[in-house]
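Read off the chains here:
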Amino acid sequence: QVQLVESGGGLAQLGGSLNLSCAASGFTFSSYRMDWYRQAPGKECELAAGITSGGSTKYAESVKGRFTISRDNTKNMVYLQMNSLKPEDTAVYYCKVTIRLFRTVDYWGQGTQVTVSS
């Protein structure tokens, strides 16, 4: 079965860095786009960054120039390097994949908390 397990969250200072990891299993990782979403307290879940199977990337305007998404298809891993962190980056970060076979299913990890203090 599909499993996504995030790690790397924690507490960071304003201007600091964190590197999130997502270990994927149960599907052909290299064939699918992978996304990092985040949900801040009291706010809707939003796409932070995405990377296609071919390596093309997409970022929310609020994180452009500060976050970098990458993937390692040999290890079935996707990463989110977060630099110049701001308090408004505080959120639970989720790894997500959408798999379309007989039906379309979104799979989510359990999330990892990122807290940025000022």
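Residues numbered from 1 in each chain as written. Predicted model: local features only at pLDDT ≥ 70, side-chain atom pairs only at ≥ 80, totals over all residues. Heavy atoms only, no water.

**Q** How should I be thinking about the sheet that holds strand β7 (residues 67–72) in this particular structure?
**A** Adjacent strands of a sheet pair through backbone hydrogen bonds, lying either parallel or antiparallel. Read across the open sheet, the four strands follow the order β1-β3-β8-β7; overall the sheet is antiparallel. The open sheet terminates on both sides in strands that have one partner only, identified here as β1 (3–7) and β7. The mean inter-strand angle of the sheet, taken between neighbouring strand axes irrespective of direction, is 15 degrees. Where β1 and strand β3 (residues 18–25) come together, five bridges link them in antiparallel fashion. (Pairing = 2+ DSSP bridges. Helix = DSSP H or I, 4+ residues; strand = E, 2+ residues; numbered from the N terminus. Axes fitted to C-alpha atoms, helices over the stretch in contact; angles between N-to-C directions.)

**Q** Any chance you could explain the packing of aromatic side chains here in plain terms?
**A** Remark: the centre distance and the inter-plane angle together describe each pair of aromatic rings, the angle taken between the planes. Scanning the entire structure with this criterion turns up four aromatic pairs. Arranged with centres 5.8 Å apart and planes meeting at 75 degrees, the rings of F27 and Y32 form a pair that is edge-to-face. Here F27 and Y32 have matching classes, each one buried. Ring centres of Y94 and W108 lie 6.2 Å apart, and the angle between their planes is 85 degrees; on these two criteria the pair is classed as edge-to-face. Taken together, the residues span a long stretch of sequence, with Y94 in strand β9 (residues 91–100) and W108 in strand β10 (residues 104–108) at a distance of 14 residues. Among the aromatic residues, those joined into a cluster by ring pairs are F27, F29 and Y32. Positioned above the aromatic ring of F29 is the side chain of R71, whose terminal nitrogen or guanidinium carbon lies 4.5 Å from the ring centre. (Phe/Tyr/Trp six-rings, centres within 6.5 Å; stacked < 30°, edge-to-face > 60°. Buried < 20%, exposed > 50% of the residue type's maximum accessible area, 1.4 Å probe, protein only. Lys NZ or Arg CZ within 6 Å of the ring centre and 35° of its normal.)

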